[in-house]
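Observations on chain architecture
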Amino acid sequence: MHVKAGDTVQVISGRDKGKVGKIVRVFPKTSQVIVEGVNQKTKHTKPTQEGESGKVEVREFPIHSSNVLHYSEKEKVASRVCYTFTDQGKKVRKLIKTGEIID
């Protein structure tokens, strides 16, 4: 996958198109990610014990990783990622539009 937990991304399709947020969690097997503030849904839970009341909580649900692009905070632009090597021989991720190194 081209994204990791902690990366800043922009949603490029769907109901939340244009929103920017950090990746909270990554699911590599299904190629999905959870982005904070994106794809929020209301979850109703029943009371578990007697005398307790039910809850209504708003939480983020996963979206497919192909619907997000890396976002550069400096240039305020979304870009694809390429993989390059540094002078020391370490493999790093780099934004194509800005040349900014992510790792």
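Residues numbered from 1 in each chain as written. Predicted model: local features only at pLDDT ≥ 70, side-chain atom pairs only at ≥ 80, totals over all residues. Heavy atoms only, no water.

The name given to the protein chain in an unreviewed UniProt entry is Large ribosomal subunit protein uL24, with the source organism recorded as Limnothrix redekei LRLZ20PSL1. A UniProt comment under Subunit (unreviewed entry) is attached to the protein chain, and it reads "Part of the 50S ribosomal subunit." Under the Sequence similarities (unreviewed entry) heading, UniProt states for the protein chain: "Belongs to the universal ribosomal protein uL24 family." (UniProt positions renumbered as here; feature names shortened; annotations may be inferred.)

1. With respect to the sheet that holds strand β7 (residues 68-72)
Taken in spatial order, the six strands of this open sheet run β6-β3-β2-β1-β7-β8, and their pairing is antiparallel. Since the sheet does not close on itself, it has two edges, and those belong to β6 (63-64) and β8 (77-79), each with one partner. With three bridges connecting them, β7 and β8 associate as antiparallel partners. Paired with His-70 across the bridge in β8 is Ser-79. (Pairing = 2+ DSSP bridges. Helix = DSSP H or I, 4+ residues; strand = E, 2+ residues; numbered from the N terminus.)

2. Description of the packing of aromatic side chains
Per the stated rule, a full pass over the model turns up zero aromatic pairs. The ring of Phe-61 has Lys-41 lying over it, and the distance from NZ or CZ to the ring centre is 5.4 Å. A cation over a ring is seen here: Lys-91 above Tyr-83, with NZ or CZ 5.2 Å from the ring centre. (Phe/Tyr/Trp six-rings, centres within 6.5 Å; stacked < 30°, edge-to-face > 60°. Lys NZ or Arg CZ within 6 Å of the ring centre and 35° of its normal.)

3. Side note on unusual backbone geometry
Negative phi values dominate among residues other than glycine, just as trans dominates among peptide bonds. Despite not being glycine, Asn-39 has its phi angle at roughly 55 degrees, a positive value. As for its placement among the helices and strands, Asn-39 is situated in the loop between β3 (32-35) and β4 (40-45). Taking relative accessible area as the criterion, Asn-39 reaches 12% and is therefore assigned buried. Phi is positive for Lys-76, close to 55 degrees, though the residue is something other than glycine. Turning to its location among the elements, Lys-76 is positioned in the loop between β7 and β8. Accessibility expressed as a relative area gives 54% for Lys-76, which makes it exposed. (Buried < 20%, exposed > 50% of the residue type's maximum accessible area, 1.4 Å probe, protein only.)

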